[in-house]
Amino acid sequence: MDIGIDLGTANTLLYVRGQGIVLNEPSVVAVKEGARHALAVGTEAKETIGRTPGSITAIRPLKDGVISDFEAAEEMIRHFVRKAVPGRRPRTRMVICVPSGVTQVERRAIVHASQRAGARAVHLVEEPMAAAIGAGLPVAEPRGSMIVDIGGGTTEVAVISLGGIVTSQSLRVGGDRLDTAITDYVRRRHALLIGERTAEDVKVAIGSAWPVPGEEDFERRTFTVRGREKVGGLPKTVELTVAEVRAALDEPVEAIIAAVRVTLEECPPELSGDVMEHGIVLTGGGALLPGLDLRLASATGIPVFVADDPLDSVALGCGKCVEDFDGLERVMSAA
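What counts, and where the lines are drawn
Residues numbered from 1 in each chain as written. Predicted model: local features only at pLDDT ≥ 70, side-chain atom pairs only at ≥ 80, totals over all residues. Heavy atoms only, no water. Domains from an automatic or database assignment. Contact = heavy atoms within 4.5 Å. Buried area = accessible area lost by both parts, 1.4 Å probe. Salt bridge = Lys/Arg side-chain N within 4 Å of Asp/Glu carboxyl O. Polar contact = N/O pair within 3.5 Å; in protein donor to acceptor, adjacent residues only side chain to side chain. Helix = DSSP H or I, 4+ residues; strand = E, 2+ residues; numbered from the N terminus. Nonpolar A, V, L, I, M, F, W, Y, C, P; charged D, E, K, R; others polar. Buried < 20%, exposed > 50% of the residue type's maximum accessible area, 1.4 Å probe, protein only. 1 Å grid on protein atoms, 1.4 Å probe; cavity = no way out; pocket = protein on both sides within 12 Å on 5 of 7 lines; lining within 4 Å. Points joined across faces, edges and corners; volume = space filled by probe spheres on them. Pairing = 2+ DSSP bridges. Axes fitted to C-alpha atoms, helices over the stretch in contact; angles between N-to-C directions. Expected span 1.5 Å × (residues − 1). Arc of directions from axis to C-beta.

Let's talk about the domain arrangement of the protein
The parts lose accessible area when they come together, and the size of an interface is often stated as this lost area.
Moving on, step 1. Parsing the protein into structural domains produces domain 1 (2–28 + 61–129 + 313–334), domain 2 (138–173 + 251–308) and domain 3 (175–248).
Moving on, step 2. Each of domain 1 and domain 2 was reduced to a C-alpha centroid, and the two centroids are 24 Å apart.
Moving on, step 3. With 15 residues of domain 1 at the interface, the matching set in domain 2 holds 17 residues.
Moving on, step 4. Carbon and sulfur atoms make up 60% of the area that domain 1 and domain 2 hide from each other, which totals about 1200 Å².
Moving on, step 5. It is Asp64, Pro128 and Met129 in domain 1 that bury the most area against domain 2; as a group they hold 48% of the surface buried on that side.
Moving on, step 6. Taken together, domain 1 and domain 2 are joined by 1 salt bridge.
Moving on, step 7. The salt bridge involving Glu106 is made with Arg172; its shortest N-O contact spans 3.5 Å.
Moving on, step 8. The interface formed by domain 1 and domain 2 includes 1 residue pair in polar contact (both at pLDDT 80 or more).
Moving on, step 9. Broken down by element, the side of domain 1 that touches domain 2 gets its largest block of residues, 3 residues, from helix α4 (residues 127–134).
Moving on, step 10. For the side of domain 1 that touches domain 2, the class distribution of residues is 6 nonpolar, 5 polar and 4 charged.

Considering the side chain of Arg78
Moving on, step 1. Residue placement: Arg78 occurs in helix α2 (residues 70–84).
Moving on, step 2. Accessibility expressed as a relative area gives 18% for Arg78, which makes it buried.
Moving on, step 3. A distance of 2.8 Å separates the side chain of Arg78 from the side chain of Glu74, its partner in a polar contact.
Moving on, step 4. Not counting residues up to four positions away in its chain, the partners in contact with Arg78 are Arg116 and Ala117.

Considering the layout of surface pockets
Moving on, step 1. Here the largest pocket defines a volume of roughly 1200 Å³.
Moving on, step 2. Lining the largest pocket are 45 residues, and of these Ala10, Asn11, Gly151, Gly152 and Gly175 sit closest to its centre.
Moving on, step 3. Residue assignment for the lining of the largest pocket shows that the elements contributing at least two residues are β1 (2–7), β2 (11–16), β3 (20–26), β7 (62–63), α5 (175–190) and α6 (196–206).
Moving on, step 4. Counting residues per element, the lining of the largest pocket draws most heavily on α5, which supplies 6 residues.

Considerations on empty space enclosed by the protein
Moving on, step 1. Scanning all chains against the criterion turns up 1 cavity of 30 Å³ or more.
Moving on, step 2. The computed volume of the largest cavity comes to approximately 30 Å³.
Moving on, step 3. In this structure, the largest cavity is lined by Ile150, Leu178, Val253, Ile256, Gly286, Leu289 and Leu292.
Moving on, step 4. Classifying every residue of the lining of the largest cavity by side-chain character gives 6 nonpolar, 1 polar and no charged.

Considerations on the sheet that holds strand β16 (residues 235–241)
Moving on, step 1. The sheet built from 3 strands is open, its strands ordered β14-β15-β16 with antiparallel pairing. In this open sheet, the two edge strands, each paired with only one partner strand, are β14 (192–193) and β16.
Moving on, step 2. Bridge count between strand β15 (residues 222–229) and β16: 7 bridges; the pairing is antiparallel. What sits directly across from Gly227, in β16, is Lys236.
Moving on, step 3. Where α6 meets the sheet, its contacts fall on β15 and β16, and the angle it forms with β15 comes to roughly 165°.

Looking at α2
Moving on, step 1. For α2, spanning 15 residues, the distance from its first C-alpha to its last is 21 Å, which sits close to the expected 21 Å at 1.5 Å a residue.
Moving on, step 2. The complete set of buried residues in α2 reads Ala72, Ala73, Glu74, Met76, Ile77, Arg78, Phe80, Val81 and Ala84.
Moving on, step 3. Where α2 begins, the capping side chain belongs to Asp69, and its oxygen is found 3.4 Å from the backbone nitrogen of Glu71.

Section: the pattern of salt bridges
Any two side chains of opposite charge can pair if their charged atoms end up close together.
Moving on, step 1. Going through the model one piece at a time under the given rule, you end up with 17 salt bridges.
Moving on, step 2. Within this structure, Glu74, Glu75, Arg78 and Arg116 form a network of salt bridges that share partners.

A short note on the sheet that holds β1
Moving on, step 1. Taken together, the 5 strands give an open sheet; going across it, the order is β3-β2-β1-β9-β10, and neighbouring strands pair in mixed fashion. The open sheet is flanked by β3 and β10 (119–126), the only strands paired with a single partner. The sheet shows a mean angle of 20° between the axes of neighbouring strands, taken without regard to direction.
Moving on, step 2. Contacting β1, β2, β3 and β9 (92–98), α2 runs over the sheet at an angle of about 135° to β3.
Moving on, step 3. Along the sheet, helix α3 (residues 104–116) contacts β9 and β10; its crossing angle with β10, the most-contacted strand, is approximately 145°.

Some details on helix α9 (residues 250–266)
Moving on, step 1. Along its 17 residues, α9 runs 25 Å from first to last C-alpha, staying within 8% of the 24 Å computed at 1.5 Å per residue.
Moving on, step 2. Within the sequence span of α9, burial applies to Pro252, Val253, Ile256, Ile257, Ala259, Val260, Thr263 and Leu264. Along the long axis of α9, the arc covered by the buried residues comes to 150°, so they all point the same way. Every exposed residue of α9 that faces more than 90 degrees away from the buried side is listed here: Glu251 and Glu265.

Structure representation (structure tokens):
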């Protein structure tokens, strides 16, 4: 049994050889104090965030794209594999996507957790390469292809040519940082405390990085948030506008643009010409932020496109590696 895992900070996707993507659930584990096993994992566990009693904790096993809680990560991987492939099964071979900037210690932690969860062989593939493959870019050709993968915990920026990453930046800014920026803004501007789930709802409903032409109705939208007063502690309601949320998201969005600029500056001239001609491709959940492609294009002077299936690009790329697992093992052995 061969399985590909997009082990993301926000969501985990599983790809089974011959079946495609069979699971997509939040990377959350609910644990009771003193218990040996998790109370809930995935979607069920996410529902408990911000609503648990003191004896139960909702944990995100990954932070900034890497494992921060080893035991919870192991439990989560084991649970997802059992859910995706029920019944008796042989020990699996796994392909797992990791940020390009992870350390050797972090790589060993991911491999160890996967082995403890039942894998007999584990191969790690860098996320920008998987995202580029999943987005359909010609990564094996002698042509520069630029990918910007904005996940929950990290943003991966890379220029790829001839099957390898020529230059890259791994930035620990992603969807979670966008949520935090909204939380901080509401606390500073309106003296209101809100949770991460509320901040995510705001981002999805009225978040944007740049005014989108022809979307005047969107610009007039508002969103009502409910939280707790910073000073008095009583429940309070505030109406947020699109312009306010755009201002709140400005800092993390600028950090992503800066990482793209640095990558372009380090890119060889010939490949820079390819990127200028063929454009930059956005993948990941952050690619769905309205106006981000327009803002990035304005900042770089390069055409920017959103992948056809940005949320699943990494998992699909990982899946293509799974479908040719024997070829992947040969490449890894040669390397």
